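Overview (structure and organization)
Each chain, written out:
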Amino acid sequence: MSERLTATPPGVTLGPFMLIPDNAARNFVLEMRAGRFHGFVVRKGETVHGYVDRCAHMALPLTQTLDDYLTPDGALIQCSWHGALYRIDDGACVGGPCVGAKLTPWPVAVIDGMIVTA
Ligand code: FES
């Protein structure tokens, strides 16, 4: 079994920015020599926010349904296991069992219409 990584090198192109609809999120898995990285990117308008796909409560991946990272109104990131709620812009937990904890940021940026690790 390969090791689960919590960071990626900068400059990895993940795909076109338009891949993610506004107010939605997408899962990414990067297979690297050192192991496998699981993360997700949330799009808000022209901005993207990336996080490692690991809840601050019990270190589980947040979703049980592909790409289903947000509350129905798109305002917060929600863990599907015990309902932890995280702010999209800084990953701070603002509701549920781990208030005050944070998601691990995964730096990403949009460059020339492509989402790229930063
Ligand atoms: S593992 Fe996410 S809320 Fe418990």
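Up top you'll find the structure we're talking about.
In what follows, the accompanying structure is described. Note that the structure is a prediction, hence the values are computed from the model and not measured.

Description of the pattern of salt bridges
Tallying each qualifying case throughout the model produces four salt bridges. Measuring nitrogen to oxygen at the nearest pair gives 3.9 Å for the salt bridge that ties Asp-89 to Arg-87. Classification of Asp-89 by relative accessible area gives exposed; the value is 54%. Residue Arg-87 pairs with Asp-90 through a salt bridge whose shortest N-O separation is 2.7 Å. One salt-bridge network, held together by shared partners, links Arg-87, Asp-89 and Asp-90.

Describing the pairing of strand S3 (residues 24-32)
Pairing of S3 with strand S4 (residues 35-44) involves nine bridges; the strand directions are antiparallel. Each bridged residue has a counterpart across the sheet, and for Met-32 the counterpart in S4 is Gly-35.

A few points about the nonpolar core
Within the largest apolar cluster, 16 residues are counted, with the highest numbers of intra-cluster contacts made by Phe-40, Leu-62, Ile-77 and Tyr-86. If you look at the next biggest cluster of nonpolar residues, it comprises 14 residues, including Phe-17, Val-48, Val-52 and Val-108.

Digging into a nonpolar patch on the surface
Together, Met-58, Leu-60 and Trp-81 give the surface a local cluster of nonpolar side chains, amounting to about 280 Å² of exposed area. Here Trp-81 shows up in the loop between strand S6 (76-78) and strand S7 (85-87). Relative accessible area serves as the criterion here: at 39%, Trp-81 is assigned to the partly exposed category.

Reading the values: the criteria
Residues numbered from 1 in each chain as written. Predicted model: local features only at pLDDT ≥ 70, side-chain atom pairs only at ≥ 80, totals over all residues. Heavy atoms only, no water. Salt bridge = Lys/Arg side-chain N within 4 Å of Asp/Glu carboxyl O. Buried < 20%, exposed > 50% of the residue type's maximum accessible area, 1.4 Å probe, protein only. Pairing = 2+ DSSP bridges. Helix = DSSP H or I, 4+ residues; strand = E, 2+ residues; numbered from the N terminus. Core = buried A, V, L, I, M, F, W, Y, C linked by side-chain atoms within 4.5 Å. Patch = residues over 30% accessible without salt bridge, like charges linked within 9 Å, V, L, I, M, F, W, Y side chains within 5 Å. Areas by Shrake-Rupley, 256 points an atom, 1.4 Å probe, with all protein chains shown as cover.

Such coordinate-based values are descriptive only and should not be taken to indicate function.
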